Amino acid sequence: MIFSFDLLINAIVSGVLIGGFYAAVTCGVSLSFGILDIVNIAHPAFIILGSYVAYIANASLGLDPIVTAIIVLPAFYALGAGIYQIYYLSFEKRGQESLRGLAFFFGLLFITEVSLVLYFGVDYRDVNAIYIGPTWHFASIDVPLRIFVPCLVSLVLIACLQFILTRTFIGRAIMAVAQDQLALRLMAVDPVRIKRVAFGISIATASLAGAFLIIIQPVEPSVGRDYIGRIFAICVLGGMGSLPGTVVAAMLIGVVESLTSTFYGPSWAPAVSFGFLLLTLAVRPAGLMGR
Amino acid sequence: MRTAPFFLICLVVGGLLFAAALALGNDYYFFAGYVVLQYVVLSTAWNILGGYCGYVNFGTAGFFALGAYSTVAIYKLIEGNELPHVVPIPLLMLVGGVVSGVVGLGMGYLTLRLRGAFFSIATLALAVVLETLVVNWDYVGGSRGAFIIRPETVAPIGSYVRYLFLMMLILAVVGLTVARLIERSRLGYGFATIRDDELAAEASGVPTLRLKLIATTISGALMGMAGAPFPYYIGYLQPDSTFGLDYAVNSIAMPLIGGTTSWVGPLIGAVLLGSLQQIITVTISSAVNLLIVGCLLVAFVIVAPNGIIGVVHKYVLHKGDDFVGRRHVGLQSPGAAPEVDSAPEAPS
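Calculation notes
Residues numbered from 1 in each chain as written. Chains lettered and ligands numbered in written order. Predicted model: local features only at pLDDT ≥ 70, side-chain atom pairs only at ≥ 80, totals over all residues. Helix = DSSP H or I, 4+ residues; strand = E, 2+ residues; numbered from the N terminus. Buried ≥ 20, exposed ≤ 12 C-beta atoms within 10 Å, placed from the backbone. Contact = placed C-beta atoms within 7 Å. Nonpolar A, V, L, I, M, F, W, Y, C, P; charged D, E, K, R; others polar. Pairing = 2+ DSSP bridges. Axes fitted to C-alpha atoms, helices over the stretch in contact; angles between N-to-C directions. Parallel < 35°, antiparallel > 145°, perpendicular 65-115°, else oblique. Core = buried A, V, L, I, M, F, W, Y, C linked by C-beta atoms within 7 Å. Left-handed = near helix turned anticlockwise from the far one by under 90°. Expected span 1.5 Å × (residues − 1).

Asker: Can you walk me through the overall build of chain A in this structure?
Answerer: Along chain A, the regular secondary structure elements total eleven helices and two strands. Across chain A, helices and strands are ordered from the amino to the carboxyl terminus as α-α-α-α-β-β-α-α-α-α-α-α-α. Scored against the burial criterion, the 291 residues of chain A give a buried share of 53%. Taking the intrachain contacts of chain A between residues at least 6 apart in sequence as the baseline, contacts between residues at least 24 apart amount to 79%.

Structural data, given as structure tokens:
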């Protein structure tokens, strides 16, 4: 492998851009796992579901994937709220969330994935949009628009989430529910309702993340599995529930993955995020910006 | 019942099973039965850590594949040096078991200081790291996969698949005996304290870290042993399918559906679900069979949290409401539940 400066710069730029997309993929888990302590291991499956919704709208109506994702946000929110209600009634209320709750989400992951396989088959699907294809060139740096646009929208999404969490009543209640449920009750706020809202929001982000995913790469149902480890690695590295931490960690992992696949070959790239995850868990479980 | 009589009874039952399969005279039963038995071993192994200690391991496929790939490595070694010998399966199982056991111990050291969910995610991560290593290791075939030529026959038994079936049967008997032995020993009570309330156990002087390391090692070793004969069974080993999440979901679903608190649960779950899957794969399709496993898993954890054993105890034997409560206090930590249960509903 010949080392070249152009290659290095390009790898870093594309890593940062991909990292922006990873941040969108992870912010849902930062909410559910980081703040609510709900180990939603099925999150990637919902992202793939979002990709397929974008694909259907794009193939049949010619709608832009990101516009579609914004239109179906309420549907994903309702899905998330519904799943939380089942989760609360069957596990949290009985105090069995640890072992059986995990198995529940693991089962959901499989049901979603296999249903998609049965309905759409295992062919790769992709979408059409004007920003897929062209690439901007700055000197020797290439910026493909199909990655740049998702990255940009993703950062806007995270900024919105951060605004909701820190500036609105419901957002502050979500942060509070993570700290002390009883105190929230004493303030006459129903923690279950707050958690339902928060979980709904976390699944709603999967709709956008799914649209980004299918813009960046063709999608088939089991692609989501590659993201399980990445998502949790970023979430833990970012410090569990800190959105700015999530963005930093996502870009860090994006850059390291991109460097690995440029200089060592793409087959090593999956190990990077998992290696990071194992290291973080072993050395600094609080993450980069831990609470 | 003492362990020795139990082991003998299991062996006799296993012998009858083998005789019945022989009497049917169709090698298909051995092919299908092998898979079911493999799941008996995997789910029993998973249950030692997951059911007894309450630590959910998503990395079953990783340990299983480690066993399988140690066999491939040995096979390549023999092939490369043109040694004429065929290595006996028990020896391969032993090697696979040692390799997986050591990795299990290492994983325990890395991750068991983490509670609950972090541990589960780390095991998932471990499986992917192992897969990446195997994909990039050309000696065992890399991403292309490896071919294993299995001998046609074995002297006294007949076709090779019968021999594999017999070996897996013996491993299943050993696995069940080990699980039952643990359950009734000091070790098992230690595991149960970890599952119920790790902090309280630690405070009462239970060496939780050491116990958990023992559990990961035994559990990992059994999974590796189950994987060791697999290359000879399948003939062509490929990382994608060997590390597939199917093993993970099955080895979790089977104990949870059967019941996690005793050795019978994984056995019931594996036999029921394993046979069902074989039937569905033949009659409908293999994608549907995963869908059904997923649905059953979700349905059982919601409706019957203690699995089939729990249902039998509650409705058939009328032994009271909470089967798990018979041997220990309950699954929830004392402080956590009342906060949600007994406090008055806030106006919304």
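Additional details are given in the paragraphs that follow.
Asker: I would appreciate a short explanation of the overall build of chain B in the present structure.
Answerer: The helix and strand inventory of chain B stands at 16 helices and four strands. Across the 348 residues in chain B, those meeting the buried criterion constitute 50%. Within chain B, contacts between residues at least 6 apart in sequence are counted, and of these 78% link residues at least 24 apart.

Asker: What exactly am I supposed to notice about the interface of chain B and chain A here?
Answerer: Interfaces are often sized by the accessible area lost when the parts come together. If you look at the interface, chain B gives 46 residues, while chain A gives 43 residues. Those elements that provide at least two residues to the side of chain B that touches chain A are helix H4 (89–111), helix H5 (117–135), helix H12 (245–258), helix H14 (286–303) and helix H16 (336–341) of chain B. Top contributing element to the side of chain B that touches chain A by residue count: H5 of chain B, with twelve residues. Taken together, the residues that form the side of chain B that touches chain A break down as 34 nonpolar, ten polar and two charged.

Asker: Is there a simple way to explain the pairing of strand S1 (residues 135–138) of chain A in this structure?
Answerer: Each regular strand shows side chains that alternate between the opposite faces of the sheet. All names here are of chain A. When S1 meets strand S2 (residues 141–144), the two strands line up antiparallel, connected through four bridges. Looking at S2, one finds that Trp136 is bridged to Val143. Hairpin connection between S1 and S2: a loop of two residues separates the two successive antiparallel strands, and Ala139 in this loop has a positive phi of roughly 50 degrees.

Asker: Would you mind going over the packing of helix H3 (residues 60–80) of chain B against H5 of chain B with me for this structure?
Answerer: Each pair of packed helices can be described by the angle between their axes along with the distance between the axes. Residue and element names in this part refer to chain B. Where H3 meets H5, the closest approach of the two axes is 8 Å, and the angle between their N-to-C directions is 30 degrees. When the axis of H3 is compared with that of H5, the two are roughly parallel. Residues Ala61, Gly62, Ala65, Leu66 and Tyr69 of H3 pack against Leu126, Ala127, Leu130 and Val134 of H5.

Asker: Teacher, can you tell me more about the nonpolar core here?
Answerer: Nonpolar side chains in soluble globular proteins tend to end up buried together. Leu277 of chain A together with Ala125 and Leu164 of chain B are the most contacted members of the largest nonpolar core, which totals 201 residues. Beyond its immediate chain neighbours, meaning those up to four positions away, Leu164 of chain B contacts Tyr34, Ile89, Pro229, Tyr232 and Tyr233 of chain B.

Asker: Help me understand the environment of Pro150 of chain A in this model?
Answerer: Residues and elements named next belong to chain A. When you line up the elements, Pro150 lands in helix H5 (residues 145–167). For Pro150, a count of 28 C-beta atoms within 10 Å gives the class buried. For Pro150 and Arg284, which are 134 residues apart along the polypeptide, the C-alpha to C-alpha distance reads 30 Å. Leaving out residues up to four positions away in the same chain, Pro150 has contacts with Phe21, Phe212, Ile215 and Ile216.

Asker: Help me out: how do you make sense of the packing of helix H13 (residues 264–283) of chain B against H14 of chain B in this one?
Answerer: All names here are of chain B. As a packed pair, H13 and H14 sit with axes 8 Å apart at the nearest point and diverge in direction by 150 degrees. In this view, H13 runs roughly antiparallel relative to H14, as classed from their interaxial angle. The way H13 lies across H14 gives a crossing that is right-handed. Only Ser286, Val288, Asn289, Ile292 and Val293 of H14 make contact with H13, whose side of the interface consists of Leu273, Gln277, Ile280 and Thr281. Here the residues of the contact of H13 with H14 are counted per class, giving five nonpolar, four polar and no charged.

Asker: Sorry, what's going on with unusual backbone geometry here?
Answerer: With the exception of glycine, most residues fall at negative phi, and the peptide bonds are largely trans. Residue and element names in this part refer to chain A. Look at Asp37: it is not a glycine, yet its phi comes out positive at around 65 degrees. Its 18 C-beta neighbours within 10 Å are what place Asp37 among the partly exposed residues. Even without being glycine, Ala188 reaches a positive phi, approximately 65 degrees. When you line up the elements, Ala188 lands in the loop between helix H7 (181–186) and helix H8 (191–216).

Asker: How do you make sense of helix H2 (residues 43–61) of chain A when you look at a structure like this?
Answerer: Owing to its 3.6 residues per turn, the α-helix aligns residues three or four sequence positions apart on the same side. Residues and elements named next belong to chain A. Compared with the 27 Å implied by 1.5 Å per residue over 19 residues, the 27 Å span of H2 between its first and last C-alpha is a close match. Counting buried residues along H2, 14 of its 19 residues qualify, which places the element largely inside the surrounding structure. In the stretch just after H2, Gly62 is the one whose phi turns positive, near 75 degrees.

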